[in-house]
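Chain residues, written in single-letter form:
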Amino acid sequence: MKLSLWRRYSFPASHRLFRAEWSAEHNERVFGKCANPYSHGHNYALEVAVTGTVDPATGMIANLADLDGFVQQKVLDAFDHAYMNEQIPEFRECVPTTENVCRVIFQRLSGFPHAHIEGVRIEETGKNSFEYAAPSNP
Amino acid sequence: MIRVTRKLEFSAAHFYHNPNLSAEENRRVFGKCNNPHGHGHNYVLEVTVAGEPDPKTGMVLDLKELKEILDREVTQRMDHRHLNYEVPDLAGKIPTCEEIATVLWRILEPKIHQGRLDRIRLYESPDLFVDCTADGMKGAR
């Protein structure tokens, strides 16, 4: 049996999906409305999963205060109310699709000292969600 | 393989306190959850069973039977109970979501005879939940 603890957070942020080296027509063909030059935003819901042994003294895989503080510092302080294309350095190199947001957030969280970050799941809207899991043999 | 999930809700009280720690240490580690008067949650439990549908019935398992198992093993044991005082399976443990889910996995896993228990997900609140999954190789305790 394997045990994972999930915690859910939310942050509003904006983005624009486009590649500077592509023409406006090509960007619009690939990214549709998401290529709108003025950008647009979502209320993202972020779920973070941690695994590890349960400390018998606390009954916990990880203290939620530690996890909340780490997520706040590594992710929410930067992403909350941000224009991701400009204000999150990782997105100078890649398009801030929610696939890439998952990967970037997972990488930012992977140094959590108290438990193993197993994966992240992000709901961009009520209709679509994305999940990024750690490689199975960390 | 097909996964079938049944969902139920139970309401229970708990608080976190480790008698081996000082009062101050308990407050530091457990925060508001250390309040000795206790507090409660509406827990939501999702129980997933995996298997192949029986060609005669089209079912992985009889959901009525699963409902009876869950009524007997979960609802009667935990609904409207104080988890620190009234659930012997949790005696000596801090009744966190992790420990409750582990106890429920160990109770339910041997009771499922059609298909096998694949996952239980226990929500303490919409923002906090725990998954127990079948994984013999990793994390077995």
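What you are looking at is a predicted structure, and each value in this text was computed from that prediction instead of being measured. Each chain carries its own residue numbering, running from 1 in the direction its sequence is written. Chain letters and ligand numbers both follow the written order, the letters beginning at A and the numbers at 1. Residue-level local features of this predicted model are given only where pLDDT is at least 70; pairs of side-chain atoms are given and counted only at 80 or more, and the full residue set underlies all totals for whole chains, interfaces and linings.

Caption draft 1: Highlighting the overall build of chain B. Scanning chain B from terminus to terminus reveals three helices and five strands. Projected onto its principal axes, the C-alpha positions of chain B cover 60 × 35 × 25 Å. Exposure criterion: with C-beta atoms placed from backbone coordinates, a residue whose C-beta has 20 or more other C-beta atoms within 10 Å is buried, one with 12 or fewer is exposed, and one in between is partly exposed. The buried share among the 141 residues of chain B stands at 29%. Here a strand is any run of E in DSSP of at least two residues, a helix any run of H or I of at least four, and the numbering for each starts at the N terminus.

Caption draft 2: Up close: the overall build of chain A. Secondary structure summary: chain A contains four helices and five strands in total. In chain A, the succession of helices and strands from N to C terminus is β-α-β-α-β-α-α-β-β. Counting only C-alpha atoms, chain A reaches 60 × 30 × 25 Å along its principal axes. Here chain A, with 138 residues, has 31% of them falling under the buried criterion.

Caption draft 3: Representation of unusual backbone geometry in the model. The phi angle at Ser39(A) is positive, at roughly 75°, despite the residue not being glycine. Among the secondary structure elements, Ser39(A) is positioned in the loop between helix H1 (24–31) and strand E2 (40–51). For His80(B), which is not glycine, the phi dihedral falls at a positive 55°. Following the sequence through the fold, His80(B) ends up in the loop between helix H2 (63–78) and strand E3 (81–82). Judged by local crowding, His80(B) falls into the exposed class, with 11 C-beta atoms found within 10 Å.

Caption draft 4: The arrangement of the interface of chain B and chain A in detail. By the convention adopted here, residues are in contact when the distance between their C-beta atoms, placed from the backbone, does not exceed 7 Å. Every contact between the two is made by 28 residues of chain B and, on the other side, 18 residues of chain A. Elements with a contribution of two residues or more to the side of chain B that touches chain A: helix H3 (97–108) and strand E5 (128–133) of chain B. In terms of residue count, the dominant contributor to the side of chain B that touches chain A is E5(B) (six residues). Think of it as three bins: nonpolar holds Ala, Val, Leu, Ile, Met, Phe, Trp, Tyr, Cys and Pro, charged holds Asp, Glu, Lys and Arg, and polar takes everything else, Gly as well. A breakdown of the residues in the side of chain B that touches chain A according to their chemical character gives 13 nonpolar, seven polar and eight charged. DSSP calls a pair of strands paired once it identifies at least 2 bridges connecting them. When strand E1 (residues 2–15) of chain A meets E5(B), the two strands line up antiparallel, connected through six bridges. Counted as the bridge partner of Leu3(A) is Cys132(B) from E5(B).

Caption draft 5: The arrangement of the pairing of E2(A) in detail. Residues and elements named next belong to chain A. Direction of pairing for E1 relative to E2: antiparallel, over a ladder of twelve bridges. Residue Arg8 lies in a different strand from E2, and its bridge partner there is Glu47. In this structure, E2 lies alongside strand E4 (residues 116–123), joined through seven bridges in antiparallel fashion. Directly across from Ala49, in E4, lies its bridge partner Gly119.

Caption draft 6: Region of interest: the confidence of the model for chain B. Residues and elements named next belong to chain B. Looking at chain B as a whole, its pLDDT mean stands at 94, while 96% of the residues score no less than 70. Predicted confidence for residues 137–141 stays below pLDDT 50, and this span has seven contacts to residues more than four positions away or in other chains. The ipTM assigned to the predicted complex is 0.80, against a pTM of 0.87. pLDDT gives the predictor's per-residue confidence on a scale running from 0 to 100.

Caption draft 7: Representation of the pairing of strand E1 (residues 2–14) of chain B in the model. All names here are of chain B. When E1 meets strand E2 (residues 39–51), the two strands line up antiparallel, connected through 13 bridges. Paired with Phe10 across the two strands is Tyr43, which belongs to E2. Pairing of E1 with E3, which is carried by two bridges, proceeds in the parallel orientation. If you follow Ala13 over to E3, its bridge partner there is His82.

Caption draft 8: The arrangement of helix H1 (residues 23–30) of chain B in detail. Residues and elements named next belong to chain B. Along H1, the residues classified as buried are Asn26, Val29 and Phe30. All buried residues of H1 project into a common sector of 75° when viewed along the axis, lining one side. Gly31 lies just past H1 and shows a positive phi near 60°. Taking the helix axis as origin, the arc is that swept by the directions to the C-beta atoms.

Caption draft 9: Layout of the nonpolar core. As used throughout, a nonpolar core is a set of buried Ala, Val, Leu, Ile, Met, Phe, Trp, Tyr and Cys residues joined through C-beta atoms within 7 Å of each other. With 55 residues, the main nonpolar core has Val50(A), Ala101(B), Leu104(B), Ile120(B), Leu122(B) and Val130(B) as its most contacted residues. A per-element tally of this core places H3(B) first, with six residues. Of all hydrophobic cores here, the second largest spans five residues; its members include Tyr16(B), Val29(B), Phe30(B) and Ile94(B).

Caption draft 10: Spotlight on the packing of helix H2 (residues 64–79) of chain A against helix H4 (residues 98–109) of chain A. Residue and element names in this part refer to chain A. Relative to each other, H2 and H4 sit at 135°, their axes nearing to 10 Å. By the angle between their directions, the pair H2 and H4 is classed as oblique. Crossing angle aside, the handedness with which H2 passes H4 is right-handed. Contacts from Val71, Lys74 and Val75 of H2 reach H4 at Ile105, Arg108 and Leu109. Across the contact of H2 with H4, the residue classes tally to four nonpolar, no polar and two charged. Only C-alpha atoms enter the line fits that serve as axes; for helices the fit covers just the stretch in contact. Angles between N-to-C directions range over 0 to 180 degrees. Here is the rule for angles: anything less than 35 degrees is roughly parallel, anything more than 145 is roughly antiparallel, 65 through 115 is roughly perpendicular, and the remaining ranges are oblique. Two helices cross in a left-handed way if the nearer one is turned anticlockwise from the farther one by less than a right angle. They cross in a right-handed way if the turn is clockwise.

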